[in-house]
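Examination of the molecular architecture
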Amino acid sequence: MAADLASVAAKLAAPGKGLLASDESTGTIGKRLEKAGLPNTKDIRRAYRELYYTTPGIGQYISGVIMFKETLYQSTAAGRRFVDVLADEGVMAGIKVDEGLAPLPGGGEGETYTKGLEGLEAACREYVMAGAKFAKWRATLKVTDSLPSDLAVERNAEDLARYAKVCQECGLVPVVEPEILIDGAHSQTRFGVVTERVLGATVAALWRQGVALEGCLLKPQMVIPGAEAEGGKVAAEEVASHTVAALRRVVPPAVPGIMFLSGGQTEEEATINLDAINKEARVVGRCPWALSFSFGRALQASVLKLWSSDQTRVAEAQQLALALAQVNSEAALGQYTAAAGGHPSTLSGDSLRENFRGWSGQAPAGGAVPSPGGSGEEVLMAH
Amino acid sequence: HSAHLYTPILLVLIAVKIHQNKRYRLRYSNRARPITMQAQMQFRSARTASCVRASSGRAQPKVLCRAFNSMESPFAEELKKNAAYIAQKGKGILASDESNATTGKRLQSVGVDNTEENRRDWRELLYTAPGLGQYVSGAIMFEETLYQKARNGSQFVDILLAQGIYPGIKVDTGLQVLPGGKGETTTQGLDNLADRCKAYRKQGAKFAKWRAVIKIGEAGCPSTTAILENAHGLARYAQICQENGLVPIVEPEVTLGPGDYSIDETAFWSERVYSHVMRLLNEYGVILEGILLKPNMCLPGLDAPVANPEEVARVTVRTMMRSIPPAVPGIHFLSGGMSEEEATLNLQALNDEAPNAPWALTFSYGRALQATTLKTWAGKESNWAAAQDILVKLAKANSEAAAGKFKGPHPVPGGGRILQALRTGGSGK
């Protein structure tokens, strides 16, 4: 089992490949669809995901797709299961298994823990039968002068590790995502310090729970200044040097791949920063893990804009999806050079930041989803 | 008559007291049980909370938090540079920091008296060996030796630096047996460590070393107490060294001992120990680019069959890959009880197994560089050159192994294990 997990993890982290994070919950994808002028219906969601999963050649750049539970069981309009269509292209299916954020009792303002450990094993076994090969769980941590608290760091690290252990027992490679939110006025240096603390705690918790590092992947944020920091954004070289330094200090070589989330970066920023990170890693040397992507918004925003304007422009939208995947694949090899026309993004300059990615104390409007147990009880998610 | 009134009041008061006492005991009773790392972390958090938790059930403060302090030493750049120098590919460390008591035992084994003069002569032999600096980048010394001079009046530290060998200093003051009757130990030496580091640095030391010993193979070993205690000592020592300009060699030795435990069991406990050590180094703000690690290779117990170099390499590399972040520039294995030949062959196998490892896989050898050297010298002036010659040959073999280029033959083939009773002496003993 351990060897299988290691080989799946290695394939997901193969050179020049990354993950498409299309596991937005119904509530989150709903917000995006509605903002683009589309209704949030099951069929629209299905058609939207079909766009990506049937893009010809997507498997050259994407090794795995993270799905929301609803999507794992969906099919193309022609009736072929998404899981099978992806497998034909050599793309593995992954599944988001957490049940969203909740306020952390005893924590600071805005601190959360992630729900979903209850019933996780049963859910994982179902997902394996449906064809999933890997899973993902998102924890969030908030940065201020005094946060994250010890409690938030330890609680989230422990829950991530327990999730990872359950996954491995069921034959799924866990993607471990301790997202440190970019909201706030903290400096890049402070962010780096918090990153080391959080990832250090996560790695220690993984050991405590007996998780095999060779069979899991890490999904952290790149080390950037807070969204409200003085001085605004920094150059890609700064992002690269801070990120690589922090990771080298805390992530043991046994982890095969570090798949960055794009957070609130624009499509172009995400690619340029990923490329800078890989160039820096090759200069600094001694970076034994793949440094790749697990992008959601940074692979989808322009595509959604195009498709929502006219749903018949499928081929065009798919070409754009492929182009976005390709430039990030190049970036994951440290070989991104803007083509003659520049980055394929059609949204350069627009921030993709959304302010409901953490816990604001309120559930997002209209975001109710069924729990994986299928009991029909609705669970609110801020995700 | 009034006793009728007072008795129930008294009984009520007694009942309340018992209740409070019970709550107190329940609250603190888990101190008696082994404390998990998580529990200890939470316990420490509770102590640093700005509000005190009352036992009377008042509303508890909402936040339990501590600002994380990064402890970037003013010597950060120098530490990184020095650590990188010592860990350069193809070089390793000569561990010559045996305490006076331990050195005495060694000298006596070849018929030499344990006097300061003889200890000085013996180290002079080592440090003036011509060409040693081609293979050795650092030499760890005992405190007495750091201040000694050669016969011609030159300071040992200057002789070493002239060879391109950085002087290092053992700063722990020895092992102390922990309660529990299992022979587990903790390492002493934190008191006045900052001042001592300053003095050693002034004398010319560039790095320091602290040896923690974790015993395995006996039922109940290692205990959680032993692991936490030793990990804490190492992390605190490392922090103090960096604050005072010395690169700390962090040595968590999972000691080779009696028992038929398997190599995988050694690996398991080693991983556990490293997990705690790395976690605490992180917590304490130690700059990993400015430390060196001195671990044991993974070996089965003394009563189990000896593992061949490929097996040792496979398991040891796996353990390091799982535990040691790439920022650490060098992993300098101790030789423990391995024979001189075994130590070289295992080191070569490690480099075969992981030619692209993110840290140097090299040596910090004591016995595996000195055993035959000492026997060759045996205290006789006429043997001086021959002894230096064998030392340099041994250093060369291990240097080649650290670069993955050792082909043989070994200068001292066929030696047996070089074992000794658990050394408890440290500085000043």
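This one's a predicted model, so the numbers in the text were calculated from it and none came from an experiment.

1. Regarding helix 3 (residues 42-53) of chain A
- Taking 1.5 Å per residue, twelve residues should reach 16 Å; helix 3 of chain A reaches 16 Å between its end C-alpha atoms and fits that length.
- When helix 3 of chain A is considered as a whole, its buried residues turn out to be Ile44, Arg45, Arg46, Tyr48, Arg49, Glu50, Leu51, Tyr52 and Tyr53 of chain A.

2. A few points about helix 7 (residues 150-170) of chain A
All names here are of chain A.
- If you check helix 7, its first and last C-alpha atoms are 30 Å apart, about what 21 residues at 1.5 Å a residue would give, namely 30 Å.
- Among the 21 residues in helix 7, 15 count as buried, and that is most of the element.
- At the exit of helix 7 stands Gly171, carrying a positive phi of roughly 90 degrees.

3. Considering the sheet that holds strand 10 (residues 290-295) of chain A
Residue and element names in this part refer to chain A.
- Judged by pairing direction, the barrel is parallel, and its eight strands sit side by side in the order 1-2-3-6-7-8-9-10 before closing back on the first.
- Note that strand 3 (residues 92-96) and strand 6 (residues 132-141) share four bridges and pair parallel. Directly across from Ala93, in strand 6, lies its bridge partner Ala132.
- Strands strand 6 and strand 7 (173-180) of the sheet are contacted by helix 7, whose axis makes an angle of about 175 degrees with strand 6.

4. Quick notes on the interface of chain A and chain B
- Facing 32 residues of chain A, the contacting portion of chain B comprises 37 residues.
- Across the chain A to chain B interface the summed buried area is about 2900 Å²; carbon plus sulfur atoms make up 53%.
- Joining chain A to chain B, the criterion identifies four salt bridges.
- Inspection of the chain A/chain B interface yields eleven residue pairs in polar contact (both at pLDDT 80 or more).
- Secondary structure elements with two or more residues in the side of chain A that touches chain B: helix 7, helix 8 (188-208) and helix 9 (236-250) of chain A.
- The element that contributes the greatest number of residues to the side of chain A that touches chain B is helix 8 of chain A, accounting for nine residues.
- Counted by class, the side of chain A that touches chain B contains 14 nonpolar, six polar and twelve charged residues.

5. Structural notes on the packing of helix 10 (residues 263-283) of chain B against helix 11 (residues 309-323) of chain B
All names here are of chain B.
- The N-to-C vectors of helix 10 and helix 11 enclose an angle of 25 degrees; their axes lie 9 Å apart at closest approach. Relative to helix 11, helix 10 is oriented roughly parallel. The crossing of helix 10 and helix 11 is right-handed. Counting all contacts with helix 10, which are made through Ile263, Asp264, Ala267, Ser270, Glu271, Tyr274 and Met278, the residues of helix 11 involved are Glu311, Val312, Val315, Arg318, Thr319, Met320, Arg322 and Ser323.
- Looking at the contact of helix 10 with helix 11 residue by residue, the class counts come to seven nonpolar, three polar and five charged.

6. Concerning the environment of Glu340 of chain B
All names here are of chain B.
- Counting through the fold element by element, Glu340 comes out in helix 12 (residues 340-353).
- Note: C-alpha distance between Glu340 and Gly416 (76 residues apart in sequence) is 8.3 Å.
- Apart from residues no more than four positions distant in its own chain, Glu340 is found in contact with Arg367, Ala368, Gln370, Ala371, Thr372, Leu394, His410, Val412 and Ile418.
- In this structure the side chain of Glu340 is engaged in a polar contact, spanning 2.6 Å, whose partner is the side chain of Thr372.

7. Remarks on unusual backbone geometry
- Put simply, Cys221 of chain B and Pro222 of chain B share a cis peptide bond, and its omega is -10 degrees.
- With respect to the secondary-structure elements, Pro222 of chain B resides in the loop between strand 6 (207-214) and helix 9 (224-243).
- In the segment running from Gly408 of chain B into Pro409 of chain B, the intervening peptide bond is cis, with an omega of -5 degrees.
- Position of Pro409 of chain B among the secondary structure elements: in the segment after helix 14 (384-402).
- With a phi close to 60 degrees, Arg286 of chain A is a non-glycine residue in the positive phi region.

8. Section: the packing of aromatic side chains
- Per the counting criterion, the structure on display carries twelve aromatic pairs over all chains.
- Aromatic side chains Tyr48 of chain A and Trp307 of chain A sit 5.7 Å apart centroid to centroid with 35 degrees between the ring planes, which places their arrangement in the tilted category. Highlighted residues: Tyr48 of chain A in helix 3 and Trp307 of chain A in helix 11 (residues 297-309), separated in sequence by 259 residues. One exposure class covers both Tyr48 of chain A and Trp307 of chain A, and it is buried.
- For the ring pair Phe293 of chain A and Phe295 of chain A, a centre distance of 5.5 Å and an interplane angle of 40 degrees mean the geometry is tilted.
- Accessibility expressed as a relative area gives 0% for Phe293 of chain A, which makes it buried.
- Grouped by ring-pair contacts, the aromatic residues Tyr48, Tyr52 and Trp307 of chain A constitute a single cluster.
- Above the face of the Trp384 of chain B ring, Arg151 of chain B is positioned so that its terminal group lies 4.6 Å from the ring centre.
- Above the face of the Tyr166 of chain B ring, Lys206 of chain B is positioned so that its terminal group lies 5.3 Å from the ring centre.

9. Some words on the pairing of strand 6 of chain A
Residue and element names in this part refer to chain A.
- Buried residues dominate strand 6, accounting for nine of its ten residues.
- By the bridge criterion, eight bridges tie strand 6 to strand 7 in an arrangement that is parallel. What sits directly across from Trp137, in strand 7, is Val176.
- Taking the sense of rotation as the criterion, the β-α-β connection linking strand 6, helix 7 and strand 7 turns out right-handed.

10. Considerations on the side chain of Ser308 of chain A
- One can find Ser308 of chain A in helix 11.
- A polar atom in the side chain of Ser308 of chain A sits 3.1 Å from the backbone oxygen of Lys305 of chain A.

11. A word on the nonpolar core
- Residues Tyr127, Leu132, Tyr237, Leu281 and Ile324 of chain B are the most contacted members of the largest nonpolar core, which totals 113 residues.
- It is helix 14 of chain B that contributes the most residues to this core, ten residues altogether.
- Setting aside its immediate chain neighbours within four residues, Leu132 of chain B contacts Leu94, Leu126, Gln163, Ile165, Leu391, Val392 and Ala395 of chain B.
- Listed in part, the 100 residues of the second largest apolar core include Tyr48, Val91, Leu160 and Leu304 of chain A.

12. Regarding a positive patch on the surface
- A cluster of like positive charges, contributed by Arg286 of chain A together with Lys89, Lys405 and Lys407 of chain B, occupies part of the molecular surface.
- Here Arg286 of chain A shows up in the loop between helix 10 (267-284) and strand 10.

13. Observations regarding the pattern of salt bridges
Residue and element names in this part refer to chain A.
- Using the criterion set out here, one finds 47 salt bridges over all chains in the structure.
- Note that Arg138 is salt-bridged to Glu177, the shortest N-O span being 3.8 Å. Of this pair, Arg138 sits in strand 6 while Glu177 sits in strand 7; the two residues are 39 residues apart in sequence, bridging distant segments of the chain.
- Using a relative accessible area of 1% as the deciding quantity, one classes Arg138 as buried.
- Note that Glu196 is salt-bridged to Arg249, the shortest N-O span being 3.1 Å. Within this pair, whereas Glu196 is found in helix 8, its partner Arg249 is found in helix 9, the two being separated by 53 residues in sequence.

14. Brief notes about the confidence of the model for chain A
- Per-chain confidence: chain A averages 91 in pLDDT, with 91% of residues scoring 70 or above.
- Note that residues 362-383 of chain A has pLDDT below 50 and, in this model, 48 contacts with residues that lie over four places away or in other chains.

15. Some remarks on the state of the cysteines
All names here are of chain A.
- According to the stated counting rule, one finds zero disulfides over all chains in the structure shown.
- Here Cys216 is not cross-linked by a disulfide; its sulfur's nearest cysteine counterpart is in Cys167, at 10 Å.
- Owing to a relative accessible area of 2%, Cys216 belongs among the buried residues under this scheme.
- In this model Cys287 remains outside any disulfide bridge; the closest cysteine sulfur is found in Cys216, 18 Å from its own.
- Look at Cys287 and you get buried, because its relative accessible area is 18%.

Calculation rules
- Residues numbered from 1 in each chain as written.
- Chains lettered and ligands numbered in written order.
- Predicted model: local features only at pLDDT ≥ 70, side-chain atom pairs only at ≥ 80, totals over all residues.
- Heavy atoms only, no water.
- Helix = DSSP H or I, 4+ residues; strand = E, 2+ residues; numbered from the N terminus.
- Expected span 1.5 Å × (residues − 1).
- Buried < 20%, exposed > 50% of the residue type's maximum accessible area, 1.4 Å probe, protein only.
- Pairing = 2+ DSSP bridges.
- Contact = heavy atoms within 4.5 Å.
- Axes fitted to C-alpha atoms, helices over the stretch in contact; angles between N-to-C directions.
- Buried area = accessible area lost by both parts, 1.4 Å probe.
- Salt bridge = Lys/Arg side-chain N within 4 Å of Asp/Glu carboxyl O.
- Polar contact = N/O pair within 3.5 Å; in protein donor to acceptor, adjacent residues only side chain to side chain.
- Nonpolar A, V, L, I, M, F, W, Y, C, P; charged D, E, K, R; others polar.
- Parallel < 35°, antiparallel > 145°, perpendicular 65-115°, else oblique.
- Left-handed = near helix turned anticlockwise from the far one by under 90°.
- Phe/Tyr/Trp six-rings, centres within 6.5 Å; stacked < 30°, edge-to-face > 60°.
- Lys NZ or Arg CZ within 6 Å of the ring centre and 35° of its normal.
- Right-handed = clockwise from strand over helix to strand, strands pointing away.
- Core = buried A, V, L, I, M, F, W, Y, C linked by side-chain atoms within 4.5 Å.
- Patch = residues over 30% accessible without salt bridge, like charges linked within 9 Å, V, L, I, M, F, W, Y side chains within 5 Å.
- Areas by Shrake-Rupley, 256 points an atom, 1.4 Å probe, with all protein chains shown as cover.
- Lys, Arg positive; Asp, Glu negative; His and termini not counted.
- Charge placed at Lys NZ, Arg CZ, Asp CG, Glu CD.
- pLDDT = per-residue confidence, 0-100.
- Disulfide = S-S within 2.5 Å.

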